[in-house]
Amino acid sequence: MVLSREDIWNYIGCNEEFEPSGCDFKESDLVTLDEYDRCGPAKLSLLARNYFLGAAGRRTTYKRNKDAFDEIKIFPRMLRDVSKNSLGTSTLGLKVDFPIGLSPVALQELAHPDGELATVAGISPFRTIMILSSFASTLLEDVGKAAQNSSIHLWMQMYIFNNRSWTTTLIQRAELSGFKGIVITADAPVDGSLTCNGRNGLLESGSADMKNVDPTQLKFSASAVFRDITWLRSITKLPIIIKGLLSGADATRAILAGASAILVSNHGGRQLDGGPGNDRSLARSSGCCEQTISS
Ligand SMILES: Cc1cc2nc3c(=O)[nH]c(=O)nc-3n(C[C@H](O)[C@H](O)[C@H](O)COP(=O)(O)O)c2cc1C
């Protein structure tokens, strides 16, 4: 059976070791994202591979996201003066060299012993935004220190937890460590159910270590509502960014409640399966909020 790049890992069983060909990282000259997508997971333990590649349910939304990327067509215009180029822009007052940042990914030590510090080192030549997961395997204070002498801007991701004082403490720690934004993930009122038992498998095996929160105590608040954004607004001066909204209506409510921005995202299809791919959600959300602010 010949499998295309996005198919491979969908067909490999949860307990099946698999080494795709041409993936010797020293010998092969890996260049494209597709090549890393195909070869990267083979470097991980089975548990970690299942966690990083996990998606919810039948993986429908996960696949829709990938298809949406393949569908993007760039229509170039010619004979414009491109001798001087800049992809630089700014987001919430922060200057960046290009309009791509790093979304929060938990437990990065599973992929590399240096975990989130390796990510900081990898992107430190660039002026961009890195969002640190509250489920990181590195103390947020250490990430803050590592980023201090680089041009990286850090934002701290978290949830609204059942225990509101935990949420407050985490925000205060992020403020003290130089983080410049608070990202609240809104699409996880309950744990997603990942293929191959994803994160649960890791927690059961004890191989995952969250350094900033205590996973035995911690619960997402299933009762969180837009009003809670107004509460968050009252306890921090940092901009609040709401991650995981999929419609203009929700985006508008978030901004009216006190958010400074939203991240249109379906969590990579890892939370609720069956929803639209990112292309549809972007289309439904774009343009909503400028109207809200000006009206
Ligand atoms: C292994 C893994 C761990 C993730 N951990 C988190 C997390 O801790 N918090 C969070 O909000 N999102 C988490 N995500 C979701 C990503 O931040 C992001 O939403 C997803 O990769 C899809 O990208 P997009 O949001 O740009 O569409 C994780 C994704 C992966 C693949």
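Here is what the cut-offs are and how they apply
- Residues numbered from 1 in each chain as written.
- Predicted model: local features only at pLDDT ≥ 70, side-chain atom pairs only at ≥ 80, totals over all residues.
- Helix = DSSP H or I, 4+ residues; strand = E, 2+ residues; numbered from the N terminus.
- Rg over C-alpha atoms; globule rule 2.2 N^0.38 Å.
- Contact = placed C-beta atoms within 7 Å.
- Near = placed C-beta within 6 Å.
- Nonpolar A, V, L, I, M, F, W, Y, C, P; charged D, E, K, R; others polar.
- Axes fitted to C-alpha atoms, helices over the stretch in contact; angles between N-to-C directions.
- Parallel < 35°, antiparallel > 145°, perpendicular 65-115°, else oblique.
- Left-handed = near helix turned anticlockwise from the far one by under 90°.
- Buried ≥ 20, exposed ≤ 12 C-beta atoms within 10 Å, placed from the backbone.
- Pairing = 2+ DSSP bridges.
- Right-handed = clockwise from strand over helix to strand, strands pointing away.

Chemist: I tried to follow the overall build of the protein on my own but got confused; where do I start?
Modeler: The number of helices and strands found in the protein is 12 helices and 7 strands. Its C-alpha atoms give the protein a radius of gyration of 20 Å, near enough to 19 Å, the size a compact globule of 295 residues would have. Oriented by its inertia axes, the alpha-carbon framework of the protein measures out at about 60 × 55 × 40 Å. If you take every contact in the protein between residues at least 6 apart in sequence, the share linking residues at least 24 apart comes to 73%.

Chemist: How should the site of the ligand be read in this particular structure?
Modeler: Taken together, 16 residues are adjacent to the ligand, and Ser103, Ala106, Ser133, Ser265 and Gly268 come closest. Classifying every residue of the shell around the ligand gives 6 nonpolar, 8 polar and 2 charged.

Chemist: When you look at the packing of helix 5 (residues 115-123) against helix 6 (residues 140-148) in this model, what are you seeing that I'm missing?
Modeler: The geometry of a pair of packed helices is captured by two quantities: the angle between their axes and the separation between those axes. Contact geometry of helix 5 with helix 6 gives a least axis separation of 10 Å together with a crossing angle of 20 degrees. Judged by the angle between their axes, helix 5 and helix 6 are roughly parallel. Between helix 5 and helix 6 lies a crossing of right-handed hand. Facing helix 5, whose interface residues are Glu116, Leu117 and Val120, helix 6 presents Asp142, Val143, Ala146 and Ala147. For the contact of helix 5 with helix 6, a count of residues per class yields 5 nonpolar, no polar and 2 charged.

Chemist: How do you make sense of unusual backbone geometry when you look at a structure like this?
Modeler: Excluding glycine, residues mostly have negative phi values, and the peptide bonds linking residues are mostly trans. Its identity as a non-glycine residue notwithstanding, Leu107 has a phi of 50 degrees, on the positive side. As for its placement among the helices and strands, Leu107 is situated in the loop between strand 2 (94-96) and helix 5. Phi at His267 is positive, roughly 65 degrees, even though this residue is not glycine. With respect to the helices and strands, His267 occurs in the loop between strand 7 (261-264) and helix 11 (278-285).

Chemist: Looking at this model, I keep getting lost on the environment of Asn10. Mind explaining?
Modeler: Summarising the element assignment, Asn10 is placed in helix 1 (residues 8-11). Given 13 C-beta atoms within a 10 Å radius, Asn10 is considered partly exposed. Along the backbone, Asn10 and Leu53 are 43 residues apart, and their C-alpha atoms lie at a distance of 8.9 Å.

Chemist: Please explain the pairing of strand 4 (residues 153-158) as it appears in this structure.
Modeler: Every other side chain in a regular strand lies on the same face of the sheet, so the side chains alternate between the two faces. In terms of burial, strand 4 is largely enclosed, as 6 of its 6 residues are buried. Of the two faces of strand 4, the one lined by His153, Trp155 and Gln157 and the one lined by Leu154, Met156 and Met158 are each fully buried. In this structure, strand 3 (residues 129-132) lies alongside strand 4, joined through 4 bridges in parallel fashion. What sits directly across from Met130, in strand 4, is Leu154. Crossover connection from strand 3 via helix 6 to parallel strand 4: handedness right-handed. Remark: the strand 4/helix 7 (residues 164-176)/strand 5 (residues 182-185) crossover connection has right-handed handedness.

Chemist: Which parts of the structure should I look at to understand the environment of Asn65?
Modeler: Within the fold, Asn65 resides in helix 4 (residues 60-71). Sequence separation of Asn65 and Asn149 is 84 residues, and the distance between their C-alpha atoms is 35 Å.

Without other data, these values stay purely geometric and don't point to any function.
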